[in-house]
Amino acid sequence: MGACIDQFKYFTFTVFESPFEKVADIVRKGWGGSGKYTITDVPFSFNLYEECPLNGGAHMEKAYFYAPESSRNQCVMFSNYADGLSSWAYQITASLKIKAYLFRISTDDYPEAMNAFSLIEDGKNLRTVYAMRDPKWTFYCQGEALPFEDGRLYQRRIIKQRLNKNVLIRYCARLGYDIAGDLFWKSSQSILLERIVW
């Protein structure tokens, strides 16, 4: 049996280096009182899309925030937007003065393949690396290399081998996020934030 993430051709998630309670509190304060969103205490589920999230703008935002069983000192955001609702990650890290890692992971055969990670701290991007097909493969690095990275990969001739799903799974493991294991995607502490009106 494969990892539960193998059901996706493309998926995104953000890991906040902060306990769930602090992130959930900021979400409730920042989005809860606007009248445009609902916040529900509900178990995390992969029910926001099937194989890949839609591009933004055409549908209302939804995002789970949860404490993974395998990484209880962190909080994960899993959204229904192709960009991972990165603007929310910037807002939350700025409010809490924390860092977060945003991941975008796809299979090589996905037509709009995008494999990327970013480090955001206090609302600022410190590091971004990606390999994407648009329509040709493009590779990009910005910021100082981080200790978990394997810079030798970035020299490979074939761009899609520089940063792909397997490389990002290894990077996550080095950060302590076992995204290939089911426990990372299970939680007893979870909220769902949904936009209900434009």
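A brief look at the structure comes next. Keep in mind it's a predicted model, so treat the numbers as computed, not measured.

## Structural notes on the packing of helix α1 (residues 20-31) against helix α2 (residues 86-96)
At their nearest, the axes of α1 and α2 sit 10 Å apart, and the two run at 110 degrees to each other. Taken together, the axis directions place α1 and α2 in an arrangement best described as roughly perpendicular. Of the residues in α2, those touching α1 at Lys22, Val23, Ile26, Val27 and Trp31 are Trp88, Gln91, Ile92, Ser95 and Leu96. In terms of residue class, the contact of α1 with α2 is made up of seven nonpolar, two polar and one charged.

## Digging into the packing of aromatic side chains
Summed over the entire model, instances satisfying the criterion amount to 31 aromatic pairs. Seen from their ring centres, Trp31 and Trp88 are 5.2 Å apart, and the 50 degrees between their planes marks the pair as tilted. Taken as a pair, Trp31 in helix α1 and Trp88 in helix α2 lie far apart in primary sequence, 57 residues in all. Given a relative accessible area of 4%, Trp88 falls into the buried group. An angle of 45 degrees between the planes, with centres 5.2 Å apart, marks the rings of Phe139 and Tyr154 as tilted. Of the two residues, Phe139 sits in strand β8 (residues 137-143) while Tyr154 sits in the loop between β8 and α3 (165-174), which places them 15 residues apart along the sequence. This pair shows no difference in class: Phe139 is buried, exactly as Tyr154 is. It is Arg162 that lies over the ring of Phe139; its NZ or CZ is 5.2 Å from the centre.

## Here we look at the environment of Ala131
Mapped onto the fold, Ala131 is located in strand β7 (residues 124-133). Note: C-alpha distance between Ala131 and Thr40 (91 residues apart in sequence) is 35 Å. Apart from the residues lying within four places of it in its own chain, the contact partners of Ala131 are Ala113, Met114, Asn115, Trp137, Thr138, Phe139, Ile159 and Leu163.

Analysis parameters
Residues numbered from 1 in each chain as written. Predicted model: local features only at pLDDT ≥ 70, side-chain atom pairs only at ≥ 80, totals over all residues. Heavy atoms only, no water. Axes fitted to C-alpha atoms, helices over the stretch in contact; angles between N-to-C directions. Helix = DSSP H or I, 4+ residues; strand = E, 2+ residues; numbered from the N terminus. Parallel < 35°, antiparallel > 145°, perpendicular 65-115°, else oblique. Contact = heavy atoms within 4.5 Å. Nonpolar A, V, L, I, M, F, W, Y, C, P; charged D, E, K, R; others polar. Phe/Tyr/Trp six-rings, centres within 6.5 Å; stacked < 30°, edge-to-face > 60°. Buried < 20%, exposed > 50% of the residue type's maximum accessible area, 1.4 Å probe, protein only. Lys NZ or Arg CZ within 6 Å of the ring centre and 35° of its normal.

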